[in-house]
Amino acid sequence: MGERALLVERLMEIAGADRVVSDRDLMQSYLLDETSTLISPQPAADLVLVKPESAQEVSRVLAFANSERVPVFPRGGGTGLCGGAVPTRNGIILSLERMNDLRIDRENLMAVAGAGVTLGELVERVQGEGLFFPPHPGDDTAQIGGLVACNAGGSRAVKYGVMRNYVKGIEAVLPSGEVLRLGGALLKDNTGYSLMHLLMGSEGTLAVITEATLRLFPAPAATATMVIPYMDRHAALNTVPELLRSGITPLAIEYLDRRSAETSAAFLGTEWPCKTGEAFLMIIVDSMSQDEVNRTCQEIARIGDNHGGLEPLIGQTKKEQEKVLRIRSNVYTSLKNGLADALDISVPPASLGKLMDAIDRVADRFAVEIPMCGHAGDGNLHPALLKESFAGSEEDLKRAKRAIYEEAARLGGVMTGEHGLGKVRPPDLGLFLNGKRVELMRAIKRVFDPEGILNPGCVIGEHCENSD
Ligand SMILES: Cc1cc2nc3c(=O)[nH]c(=O)nc-3n(C[C@H](O)[C@H](O)[C@H](O)COP(=O)(O)OP(=O)(O)OC[C@H]3O[C@@H](n4cnc5c(N)ncnc54)[C@H](O)[C@@H]3O)c2cc1C
């Protein structure tokens, strides 16, 4: 019997024959995430997919893989934007999709979610209970394990922060098979080093997350979505610091340029509702009272006007709000087929305008257009590098990315604000991480995963793994 056949047999013993997949055709949709052109997966013939149903099964799979030194690639919804879940060596794809128990603890205002619960399922269930999970940090089909493992962000981070701010407890399995229970339904926990926070953002390289306890809130009574058009990008961005200084903290302050907005609207078979303006701020406010929302919208419109904002569009009915929100949410999807890469730069919020100017200079240098949208309130920008611009020149694409990263670094920024490093970003990581920080990260990796079986090549990557 070959090595792969033995692996299949052992995994079937652990999880049951119906939860192990070795057929190449059935495995195809587990080989990639959203970064299909940037990374090549290992052929399906070298991989086995297993779908455990409990932490105990995950534990047995990992203990076996660890003893045999078989690489394991944890997988959630496969919506990641940097190749984190892509299996790049012979080994096991560990899909958490069947771990989808979800319990609402109304007394403590917490949700206890299995790693395979999707964001869409969580939001729907929580809403049904009249409660609110404040962030919306990814695609609806992303899973809780993936969202926690990536410390995903999203547009509502301005007011409510990123995943990390909501995770209060984690159950996770170490490569040795030991099950860790960290935190719980606790709002305060200062008991030693926070291992739980170390797992958030570890992208499947330190442990496999099997369950998370997430903080919930009462649902806001009223929301409004407004779009302020500007003729000039700087005018739009200059509005943001004044808005935040005024004491208003919107749920989201999103930036779109006309090309991104119109491409997304056309993709949805609709029209971008703003006839004038080249740059747009989409601002969402929420409150426990409609009057408060109305007052806040008026104040935002006044501040926008001070900075050259044109007539704002204010959506107060659910339908009006959904139309513009859908257009913003689909910017990525509408560009997706033409994307060579969607970057995720984060700079101090007040430097966002300088970053955009610098990216325009990079675009001029390569004689291309780089559409941009992002989370203006957080200084987190997603420049879209288009295939049509870099057709046939991998080298130019790499150089353009590198030039953008250098500008981000010059402004005190980083190469990823919310998507993570995955297996796509590490080659440029040296611009942002080196010396002691890499040494400490590598030491942490060794403590959690001494055999290096968990998601090899991810986060610190081969580049840094081999750098001393
Ligand atoms: C349309 C669209 C919109 C998006 N919007 C946002 C956004 O606003 N903000 C944002 O931050 N991201 C966004 N994303 C990216 C993506 O949704 C997030 O990165 C999300 O966290 C990925 O979750 P997933 O379950 O799909 O993980 P996967 O892609 O399956 O995996 C991502 C990483 O997590 C690891 N992992 C997965 N599950 C586990 C587990 N149980 N234990 C340990 N490691 C695990 C994987 O090994 C991999 O390294 C968007 C993506 C799309 C396609």
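Residues numbered from 1 in each chain as written. Predicted model: local features only at pLDDT ≥ 70, side-chain atom pairs only at ≥ 80, totals over all residues. Heavy atoms only, no water.

**With respect to the overall build of the protein chain**
Right, so step 1: On a plain count of helices and strands, the protein chain comes out with 17 helices and 19 strands.
Right, so step 2: For a compact globule of 468 residues, the expected C-alpha radius of gyration is about 23 Å, and the protein chain comes in at 23 Å, within 12% of that figure.
Right, so step 3: Scored against the burial criterion, the 468 residues of the protein chain give a buried share of 54%.
Right, so step 4: For the protein chain, restricting intrachain contacts to residue pairs at least 6 apart in sequence, the fraction spanning at least 24 positions comes to 74%.
Right, so step 5: Per element, the accessible surface of the protein chain, about 20400 Å² overall, is 49% carbon and sulfur.
Right, so step 6: Both charge centroids of the protein chain, one from 49 positive and one from 62 negative side chains, sit 2 Å from each other. (Helix = DSSP H or I, 4+ residues; strand = E, 2+ residues; numbered from the N terminus. Rg over C-alpha atoms; globule rule 2.2 N^0.38 Å. Buried < 20%, exposed > 50% of the residue type's maximum accessible area, 1.4 Å probe, protein only. Contact = heavy atoms within 4.5 Å. Areas by Shrake-Rupley, 256 points an atom, 1.4 Å probe, with all protein chains shown as cover. Lys, Arg positive; Asp, Glu negative; His and termini not counted. Charge placed at Lys NZ, Arg CZ, Asp CG, Glu CD.)

**Structural notes on the packing of aromatic side chains**
Right, so step 1: Under the definition given, this model contains six aromatic pairs.
Right, so step 2: Centre to centre, the rings of F133 and Y166 are 5.8 Å apart; their planes meet at 75°, and the pair counts as edge-to-face. Of this pair, F133 sits in the loop between β7 (131–132) and α5 (144–149) while Y166 sits in the loop between α6 (157–160) and β8 (167–173), placing them 33 residues apart in sequence.
Right, so step 3: Residue Y166 is classed as buried on the basis of its relative accessible area of 4%.
Right, so step 4: Seen in terms of ring centroids, Y405 and F432 are 6.2 Å apart; in terms of plane orientation they differ by 85°. Their pairing is edge-to-face. Of this pair, Y405 sits in helix α15 (residues 394–410) while F432 sits in the loop between α15 and α16 (435–448), and the two are 27 residues apart along the sequence. For the pair Y405 and F432, one class covers both residues: buried. (Phe/Tyr/Trp six-rings, centres within 6.5 Å; stacked < 30°, edge-to-face > 60°.)

**A closer look at the site of the ligand**
Right, so step 1: Looking at the ligand, there are 35 residues lining it, with P74, G76, G77, T79 and Q143 nearest.
Right, so step 2: At 2.8 Å, a backbone N or O of G80 approaches an oxygen atom of the ligand.
Right, so step 3: E203 has a polar backbone atom sitting 3.0 Å from an oxygen atom of the ligand.
Right, so step 4: Classifying every residue of the shell around the ligand by side-chain character gives 15 nonpolar, 15 polar and five charged.
Right, so step 5: Looking at which domains feed residues into the shell around the ligand, each of domain 1 (3–95) and domain 2 (102–218) supplies at least three. (Near = heavy atom within 4 Å. Polar contact = N/O pair within 3.5 Å; in protein donor to acceptor, adjacent residues only side chain to side chain. Nonpolar A, V, L, I, M, F, W, Y, C, P; charged D, E, K, R; others polar. Domains from an automatic or database assignment.)

**Brief notes about the sheet that holds strand β10 (residues 208–215)**
Right, so step 1: Pairing within the open sheet is antiparallel, and its five strands lie in the order β5-β6-β10-β8-β9. In the strand order of this sheet, the two ends are held by β5 (102–105) and β9 (179–183), each with one partner. Across the sheet, the mean angle separating the axes of adjacent strands is 15° when strand polarity is ignored.
Right, so step 2: Where strand β6 (residues 110–114) lies against β10, five bridges are found, and the strand directions are antiparallel. Note that in β10 the partner of A111 across the bridge is L214.
Right, so step 3: Lying over the sheet, helix α3 (residues 55–68) contacts β8, β9 and β10, oriented at roughly 45° with respect to β8.
Right, so step 4: Lying on the sheet, helix α4 (residues 119–128) is in contact with β5, β6 and β10; it crosses β5 at an angle near 35°. (Pairing = 2+ DSSP bridges. Axes fitted to C-alpha atoms, helices over the stretch in contact; angles between N-to-C directions.)

**Here we look at unusual backbone geometry**
Right, so step 1: Of note, the phi angle at N151 is positive, near 45°, even though the residue is not glycine.
Right, so step 2: Here N151 lies in the loop between α5 and α6.
Right, so step 3: At V459, a residue that is not glycine, the phi angle is positive and equals roughly 70°.
Right, so step 4: Note on placement: V459 falls in the loop between α16 and α17 (461–465).
Right, so step 5: Residue V459 is classed as buried on the basis of its relative accessible area, which comes to 14%.

**So, the pattern of salt bridges**
Pairs can form between side chains of opposite charge once their charged atoms are near each other.
Right, so step 1: One pass over the full model with this rule turns up 30 salt bridges.
Right, so step 2: Across the pair E129 and R125 runs a salt bridge, and its minimum N-O distance is 3.9 Å.
Right, so step 3: Here E129 falls in the partly exposed class, since its relative accessible area comes to 27%.
Right, so step 4: In this structure, the salt-bridge partner of E271 is K275, at a minimum N-O distance of 3.1 Å. For the pair E271 and K275, one class covers both residues: exposed.
Right, so step 5: Connected via shared salt-bridge partners are R19, E53, E57 and R98. (Salt bridge = Lys/Arg side-chain N within 4 Å of Asp/Glu carboxyl O.)

**Re a nonpolar patch on the surface**
Right, so step 1: A cluster of nonpolar side chains, Y193, L195, L198 and I444, forms an exposed patch at the surface whose accessible area comes to about 410 Å².
Right, so step 2: Looking at the element boundaries, L198 is found in helix α7 (residues 195–199).
Right, so step 3: Classification of L198 by relative accessible area gives partly exposed; the value is 34%. (Patch = residues over 30% accessible without salt bridge, like charges linked within 9 Å, V, L, I, M, F, W, Y side chains within 5 Å.)

**So, the pairing of strand β13 (residues 252–257)**
Right, so step 1: Across the six residues that make up β13, a large majority, six, are buried.
Right, so step 2: Covered by surrounding structure in β13 are A252, E254 and L256 together with I253, Y255 and D257, the residues of both alternating faces.
Right, so step 3: Inspection of the sheet shows β13 paired to strand β14 (residues 279–287) by six bridges, in the antiparallel sense. For Y255, the partnering residue across the bridge sits in β14 and is L281.
Right, so step 4: By the bridge criterion, three bridges tie β13 to strand β18 (residues 372–375) in an arrangement that is antiparallel. Across the sheet, L256 pairs through a bridge with C373, a residue of β18.

**Some remarks on the environment of K159**
Right, so step 1: Checked against the element boundaries, K159 lands in helix α6.
Right, so step 2: The class of K159 is partly exposed, set by a relative accessible area of 32%.
Right, so step 3: Separated by 218 residues in sequence, K159 and G377 have C-alpha atoms that sit 9.1 Å apart.
Right, so step 4: When near neighbours in sequence (up to four residues on either side) are disregarded, K159 contacts T249, P250, L251 and D286.
Right, so step 5: In this structure the side chain of K159 is engaged in a polar contact, spanning 2.7 Å, whose partner is the side chain of D286.

**Considering the sheet that holds strand β4 (residues 91–95)**
Right, so step 1: Read from one edge of the open sheet, four strands run β1-β2-β4-β3, paired in mixed fashion. The sheet is open, and its two borders are formed by β1 (20–21) and β3 (72–75), each paired with just one other strand.
Right, so step 2: Note that β1 and strand β2 (residues 47–50) share two bridges and pair antiparallel. If you follow V20 over to β2, its bridge partner there is V50.
Right, so step 3: Contacts from helix α1 (residues 3–15) reach β1, β2 and β4 within the one sheet, and its direction differs from that of β2 by about 5°.
Right, so step 4: Sitting on the sheet, α3 touches β2, β3 and β4, and the angle it makes with β4 is about 165°.

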